[in-house]
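Notes for the structure review
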Amino acid sequence: MSWMKGDLLSKSRRLVGGLAMREPVWLKAMEASPPPVFPRSNGNLKKIVLPEDSYVRRFARKHPEAKLVDPIKASAFIPDPARVYGCRVLELTKNGISEDDAMSVANMEYLAERKEMKKAYKRLKELAVLQDKTPPPKPYLSSKTEMQIQEKKPPTDPPSVRRLVNQLKQQKEVLLQDKPGGNANQDHWIDE
């Protein structure tokens, strides 16, 4: 369908020129001020690579449970643990520490922070039990549980086609009864 290539303006010109459709009201106005044409790429897009990306990938391989800490806040101001790890390794290597030592220090910092958060959650649970309240939700769910939460549940009651057709017939009958001199055998109740 090479004749359908192009934008809306060129397609409309071809259809009008070939007498396939009437000239739309907006065509002359659109020809007077055509929409902007954005440049297209020829597949030569460069991949965006940040300096800490190699460390982020290593962290993700080492700690797969940290991949989905909070997938909903992907664009939040607080970066994910892998990105924090990568930036910390870069910061330490700039200060003159070897790469292996910087990675082990950043890894120890991550594990210590995670341990502190688990201790804080444990203490919150104990306080909730003492106050006879329900404990707060667990901050670190397993990767499997996170993925199950993200999955969409199928609709319980999909709309039936027969039910929709019956509703349309009822609406048609109501519209035709409201018209003076109208009967239910007319098929021009919707103007398309």
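This text follows the structure it describes.
The text that follows walks through the structure, step by step, so that each part is easy to find. (Residues numbered from 1 in each chain as written. Predicted model: local features only at pLDDT ≥ 70, side-chain atom pairs only at ≥ 80, totals over all residues. Heavy atoms only, no water.)

1. Quick word on the overall build of the protein
Definition in use: For the purposes of this entry, the term helix denotes a DSSP run of H or I that reaches at least four residues, the term strand denotes a run of E that reaches at least two, and both are numbered from the N terminus. Relative accessible area decides the class of each residue, using a 1.4 Å probe on protein chains only: under 20% of the type maximum gives buried, over 50% gives exposed, and in between gives partly exposed. Any two residues having at least one pair of non-hydrogen atoms within 4.5 Å are treated as being in contact. Using a 1.4 Å probe, accessible areas were evaluated by the Shrake-Rupley method; residue-level cover was limited to the displayed protein chains.
The helix and strand inventory of the protein stands at seven helices and zero strands. Secondary structure elements in the protein, listed N-terminal to C-terminal, are α-α-α-α-α-α-α. Considering the protein as a whole, with its 192 residues, one finds that 17% of them fall into the buried category. Taking the contacts inside the protein whose residues are at least 6 apart along the sequence as the reference set, 39% of them involve residues at least 24 apart. For the protein, the exposed area adds up to about 16600 Å²; of that, 57% sits on carbon and sulfur atoms.

2. Let's talk about the side chain of His63
Which entries qualify depends on this criterion: Think of a polar contact as two N or O atoms within 3.5 Å of one another; within protein, one of them needs to be a possible hydrogen donor and the other a possible acceptor, and neighboring residues in sequence only count if both atoms come from side chains.
Tracing the backbone shows His63 in the loop between α3 (53-62) and α4 (81-94). Given the relative accessible area of 8%, His63 is considered buried. One polar contact links His63 to Asn107, side chain to side chain, over a distance of 2.7 Å. Sequence-distant contacts of His63, that is, excluding residues within four places in its chain, are made with Asn107, Tyr110 and Leu111.

3. Thoughts on unusual backbone geometry
Although it is not a glycine, Leu19 adopts a positive phi angle of roughly 60 degrees. On the basis of relative accessibility, which here comes to 76%, the residue Leu19 falls in the exposed class. The phi dihedral of Asp132 is positive, around 55 degrees, even though this residue is not glycine. Mapped onto the fold, Asp132 is located in the loop between α5 (99-130) and α6 (143-150).

4. Thoughts on α3
Note the cut-off: Here the arc refers to the set of directions running from the helix axis out to each C-beta atom.
Taken residue by residue, α3 has Asp53, Tyr55, Val56 and Phe59 as its buried positions. Down the axis, α3 shows its buried residues gathered within 155 degrees of arc, on one side only. In α3, the exposed positions angled more than 90 degrees off the buried face are occupied by Arg61 and Lys62. In this structure, the buried residues of α3 make contact with α4 and α5.

5. A look at α4
Keep this limit in mind: Expected helix span is taken as 1.5 Å per residue step, with the number of steps being one fewer than the number of residues.
Taking 1.5 Å per residue, 14 residues should reach 20 Å; α4 reaches 20 Å between its end C-alpha atoms and fits that length. For α4, the secondary structure elements touched by its buried residues are α3 and α5. Among the residues trailing α4, Gly96 stands out with phi positive, at a value near 100 degrees.

6. So, the packing of α3 against α5
Helix packing for two helices is described by the angle between their axes and how far apart those axes are. Here is the rule we go by: To get an axis, fit a line to the C-alpha atoms, keeping to the stretch in contact for a helix; angles then go from 0 to 180 degrees between the N-to-C directions. To sort the angles, those under 35 degrees are grouped as roughly parallel, those over 145 as roughly antiparallel, those from 65 to 115 as roughly perpendicular, and the leftovers as oblique. Each helix crossing is assigned a hand: it is left-handed if the near helix lies turned anticlockwise from the far helix by less than a right angle, otherwise right-handed if that turn is clockwise. Residue polarity follows a fixed list, in which Ala, Val, Leu, Ile, Met, Phe, Trp, Tyr, Cys and Pro are nonpolar, Asp, Glu, Lys and Arg are charged, and the others, Gly among them, are polar.
Close contact between α3 and α5 brings their axes to 12 Å; oriented N to C, the two are set at 50 degrees. Classified by the angle between their axes, α3 and α5 sit oblique to one another. Like other packed secondary-structure pairs, α3 and α5 cross with a definite hand, here right-handed. Note on element contacts: α5 touches α3 through Glu99, Met103, Asn107 and Tyr110, opposite Tyr55, Arg58, Phe59 and Lys62. Taken together, the residues of the contact of α3 with α5 break down into four nonpolar, one polar and three charged.

7. Focus on the side chain of Asp53
For Asp53, the position within the fold is in helix α3. The exposure class assigned to Asp53 is buried, which follows from its relative accessible area of 13%. Within the structure, Asp53 has its side chain in polar contact with the backbone nitrogen of Leu50 (distance 2.9 Å). Side-chain polar atoms of Asp53 contact the side chain of Arg83, separated by 2.8 Å. Discounting chain neighbours no more than four positions away, the residues touching Asp53 are Ile48 and Arg83.

Without other data, these values stay purely geometric and don't point to any function.
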